[in-house]
Amino acid sequence: MGRRSTAKEVAEAAGVSKWTVIRAFTPGASIAEASREKVMEAARRLNYSPNLLARSLATNLTRQVAAFVDDFANPHKLPFLATLTEILQSEGLVVTLININRHFDHVHALLNADQRQVDAVVLCGTAFRDETLQDKRLGPGTPPTFVLARDSQIDGVPAITCDVETAMAEICDYLAAKPYRRPGFMSGPQTLSTALGRQRLFSDFWRNRGVPAIPDIPAADYSIGAGAAAMRAYLAATPADRRLDLLMCENDVLAFGAMDVIRGDFHLRVPEDIAVAGFDNTTFAASPAYDLTSYEQPIEAMVRTVADMILDRAEKRTVYLKGRLVPRRSA
């Protein structure tokens, strides 16, 4: 490969100053259109592209955002990441994906992101706990952090999430209009479920309508296998005449596993014997194999809100956005 052309050489070729070249390649910078066109023409002739690393040293901005993910088994994560990367890249930002796992926890990832001087961190997983940001190893210079698709209880850490109270009210009103009278809830890991709030709102709704005991069917994690195992254990231990007739699952992934067991292992019908509803409206929810009633989170609106906050176009505050109920045959 040949030597990279410099901003100084482009400036000389265009007959402008080096700072005019820098402004021409800086989004939003003030520059006359005629000057910008001269710079771009010279840059094309010299095959010049700006050195983003050098620019980051001058501006103290790297135009990089770290996205933390800890639940790759959830197929709903892919459309979230696709939308996040598409929108941030359209704004001139680069997304670095960090896999949170047993070898690399959230605190280590935050320390690593700080060392790499990313401009912001977006928490996209489920296992993040609010006390993580209170770890003493994290100093005051930690990059601005945003929680996407779940709540945050820490001042200065905005959450951009679906309005769960509105969502669960819509789901429950829809289900209560049908002849189901023995509802139950399949939750994920307890600390994570509590943070999402869906189980509490579901239980409160039915208790207010005279249903005193709402069975909790806990799954070990958010995966199809965990949903199947939890449903299998419940059906095996519960006499047929005492089984629930409606199962609300904390997300679609658990609902898929539960439905596989209801129909495949116990030869029951959905929704005639047990109706099933989920949350997220993942791609497979519309498949004839599941035809799952679910609630769609406003992914694009959520991601655009995060982008506006990262780019200082919006106040950094917690925002709850309305999604939409998607009724299908399962409930």
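Above this note sits the structure.
None of the values given here were measured: they were computed from a predicted structure.

K.L.:
Could you give an account of the nonpolar core, naming the residues involved and the relevant values?
P.N.:
Judged by nonpolar contacts, the single largest core of 28 residues is most densely connected at Met186, Met231, Leu247, Ile274 and Val276. Counting only elements with at least two residues in this core, the list comes to helix H10 (224–237), strand E8 (246–249) and helix H11 (252–265). The biggest single contributor to this core is H11, with seven residues. By size, the runner-up hydrophobic cluster in this structure holds 26 residues, among which are Leu84, Ile87, Leu88 and Ile310.

K.L.:
Explain the sheet that holds E8 residue by residue, including any values.
P.N.:
Strand order in the open sheet formed by four strands is E7-E6-E8-E9, with parallel pairing between adjacent strands. Where the open sheet ends on each side, the last strands, each with one partner, are strand E7 (216–218) and strand E9 (275–277). Pairwise comparison of adjacent strand axes, ignoring direction, gives a mean angle of 20° for this sheet. In this sheet, E7 lies alongside strand E6 (residues 183–187) in parallel orientation, the contact comprising three bridges. Looking at E7, one finds that serine 187 is bridged to proline 218. Those strands touched by helix H9 (residues 198–207) are E6, E7 and E8, and its axis lies near 170° from that of E6.

K.L.:
Lay out the packing of helix H7 (residues 164–176) against H9 in plain terms, naming residues and giving numbers.
P.N.:
Packing of H7 against H9 brings their axes to within 10 Å, and their N-to-C directions diverge by 40°. Here H9 runs oblique to H7, going by the angle between their axes. Relative to H9, the crossing made by H7 is right-handed. For the pair H7 and H9, contact is made by Val164, Glu165, Met168, Cys172, Asp173, Leu175 and Ala176 and by Arg198, Leu201, Phe202, Phe205 and Trp206, respectively.

K.L.:
Give a description of unusual backbone geometry that names residues and reports values.
P.N.:
Generally, phi is negative for residues other than glycine and the peptide bonds are trans, each holding for most cases. Geometrically, the link from valine 270 to proline 271 is a cis peptide bond, its omega value of 10° lying close to zero. For proline 271, the location among the structural elements is in the loop between H11 and E9. For histidine 267, which is not glycine, the phi dihedral falls at a positive 55°. Its place among the elements puts histidine 267 in the loop between H11 and E9. Positive phi, close to 45°, is recorded for aspartate 291, a residue that is not glycine. By the element assignment, aspartate 291 lies in the loop between E9 and strand E10 (294–296).

The rules behind these values
- Residues numbered from 1 in each chain as written.
- Predicted model: local features only at pLDDT ≥ 70, side-chain atom pairs only at ≥ 80, totals over all residues.
- Heavy atoms only, no water.
- Core = buried A, V, L, I, M, F, W, Y, C linked by side-chain atoms within 4.5 Å.
- Buried < 20%, exposed > 50% of the residue type's maximum accessible area, 1.4 Å probe, protein only.
- Helix = DSSP H or I, 4+ residues; strand = E, 2+ residues; numbered from the N terminus.
- Pairing = 2+ DSSP bridges.
- Axes fitted to C-alpha atoms, helices over the stretch in contact; angles between N-to-C directions.
- Contact = heavy atoms within 4.5 Å.
- Parallel < 35°, antiparallel > 145°, perpendicular 65-115°, else oblique.
- Left-handed = near helix turned anticlockwise from the far one by under 90°.

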